[in-house]
Amino acid sequence: VQLQASGGGLVQAGGSLRLSCAASGRTFEVMGWFRQAPGKEREFVGAISWSGGDTYYRDSVKGRFTISRDNPKNTVYLQMNSLKPEDTAVYFCAAGSVVTGHDALYDYWGQGTQVTVSS
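So, here is what we can say about the structure in this document. What you see is a predicted model, and the numbers here were worked out from it, not measured in a lab. (Residues numbered from 1 in each chain as written. Predicted model: local features only at pLDDT ≥ 70, side-chain atom pairs only at ≥ 80, totals over all residues. Heavy atoms only, no water.)

Turning next to the sheet that holds strand 8 (residues 75-80). Strand pairing within a sheet occurs via backbone hydrogen bonds; the two strands may be parallel or antiparallel. What the four strands build is an open sheet, ordered 1-3-8-7; its pairing is antiparallel. The outermost strands of the open sheet, each flanked by one partner alone, are strand 1 (2-6) and strand 7 (65-70). Strand after strand, the sheet turns through a mean of 15° between neighbouring axes, direction not considered. Judged from the five bridges that link them, strand 1 and strand 3 (residues 17-24) form a sheet pairing that is antiparallel. Residue pairing across strands places Ala 5 opposite Cys 21, the latter belonging to strand 3. (Pairing = 2+ DSSP bridges. Helix = DSSP H or I, 4+ residues; strand = E, 2+ residues; numbered from the N terminus. Axes fitted to C-alpha atoms, helices over the stretch in contact; angles between N-to-C directions.)

For the rest of this paragraph, the subject is the state of the cysteines. Summed over the entire model, instances satisfying the criterion amount to one disulfide. The disulfide partner of Cys 21 is Cys 93, and the gap between their sulfur atoms is 2.1 Å. With the S-S bond torsion at 60°, the cross-link from Cys 21 to Cys 93 turns out right-handed. Residue Cys 21 is located in strand 3, and its partner Cys 93 is located in strand 9 (residues 89-96); the two are separated by 72 residues in the primary sequence. For the pair Cys 21 and Cys 93, a shared accessibility class is recorded, and that class is buried. (Disulfide = S-S within 2.5 Å. Buried < 20%, exposed > 50% of the residue type's maximum accessible area, 1.4 Å probe, protein only.)

Another aspect to go through is the side chain of Arg 64. Looking at where Arg 64 falls in the secondary structure, it is placed in the loop between strand 6 (55-57) and strand 7. Separated by 2.8 Å, the side chains of Arg 64 and Asp 87 make a polar contact. (Polar contact = N/O pair within 3.5 Å; in protein donor to acceptor, adjacent residues only side chain to side chain.)

A few words now on the packing of aromatic side chains. This structure, assessed with the given rule, holds six aromatic pairs. Ring centres of Phe 28 and Tyr 108 lie 5.3 Å apart, and the angle between their planes is 55°; this geometry places the pair in the tilted category. With Phe 28 in the loop between strand 3 and strand 4 (30-36) and Tyr 108 in strand 10 (residues 106-109), this pair connects stretches of sequence that are 80 residues apart. The class for Phe 28 is buried, based on a relative accessible area of 2%. (Phe/Tyr/Trp six-rings, centres within 6.5 Å; stacked < 30°, edge-to-face > 60°.)

Okay, here's the thing in structure tokens:
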């Protein structure tokens, strides 16, 4: 099982980025995104169920970030709009079976992709 995240980069405040996470080896009921800024603990960003009908976001990204998934491609996306400097972090994708913000409940993790938002 492997999760491959991509799409990070440097963007100005107010800009947009789309992260992708391609899973291989099996499919997952739930896919999620987390992030970790320098000197801070990893925090939940959002998650999506297999059907896409159940999504969950942290409050600070609601209305700006959107999670979607393409099940035939076994890929989850994180569309990030109106980016702020405080969104700067390494973003990780994760897979599990419950739509939750608790990282301990995710079974598989991808490598991170750096997102840097300049002011």
